[in-house]
Amino acid sequence: MRAELRRRGTHPRVLEYCTQEILAKNAFHASLEAAKSVFDRLRQLTGEQLDGARLVDAVLMPGATGAPQVAINTGVTTTERDEQKGFASLIKGLGSMYRNPAAHDPRLSRPVGDEELLELLTALSMVHRRLDAARTQP
């Protein structure tokens, strides 16, 4: 697992949230903690205290100023605005798939295998890399 995470270039912020669970070979809880990393990062970037889809909409969608608090591009073209919306949808989707059910369903009802965990950590790493390069405004 360690070699594959390294090979995939897993983002350090993802690993910060789920290394203990990975070492314990607990993919279910590793997926939950890793998914939380993005929402926590958005709160750190903006100071917002919301969570889940409400947080994503508040910080990644255009607000009263017409610009999002966290922008992954300039938002000038239709394509860039669509990309920003898609990024927000991706984050909401990952949260809906991995954070929300894991918080409510028992582990026995929701198996997460190593391959699925690796794929999730790769997707979350991409999200964090986009946030690394994002512009943040109050």
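Refer to the structure printed above.
Residues numbered from 1 in each chain as written. Predicted model: local features only at pLDDT ≥ 70, side-chain atom pairs only at ≥ 80, totals over all residues. Heavy atoms only, no water.

Draft legend 1. Up close: the pattern of salt bridges. Summed over the entire model, instances satisfying the criterion amount to 10 salt bridges. Taking the shortest distance from any N to any O, the salt bridge between Glu4 and Arg7 comes out at 2.7 Å. Of this pair, Glu4 and Arg7 are both found in helix 1 (residues 2-7), three residues apart, which corresponds to roughly one turn of the helix. Taking the relative accessible area as the measure of exposure, Glu4 reaches 22% and is therefore partly exposed. Residue classification places Arg7 among the exposed residues on the basis of a relative accessible area of 61%. Notably, a salt bridge pairs Arg41 with Asp132, separated by 2.7 Å at the nearest N-O pair. Linking Arg41 in helix 3 (residues 27-46) with Asp132 in helix 6 (residues 114-132), this pair joins segments that are 91 residues apart in sequence. (Salt bridge = Lys/Arg side-chain N within 4 Å of Asp/Glu carboxyl O. Helix = DSSP H or I, 4+ residues; strand = E, 2+ residues; numbered from the N terminus. Buried < 20%, exposed > 50% of the residue type's maximum accessible area, 1.4 Å probe, protein only.)

Draft legend 2. Expanded view of unusual backbone geometry. A positive phi angle is found at Lys25, which is not glycine, with a value near 60°. With respect to the element layout, Lys25 can be found in the loop between helix 2 (12-23) and helix 3.

Draft legend 3. Here's a closer look at the side chain of Glu21. Its place among the elements puts Glu21 in helix 2. Buried and unpaired, Glu21 has Lys36 as its nearest opposite-charge partner, separated by 7.8 Å. Residues within four places of Glu21 in sequence aside, it is in contact with Asn26, His29, Ala30 and Glu33. (Lys, Arg positive; Asp, Glu negative; His and termini not counted. Contact = heavy atoms within 4.5 Å.)

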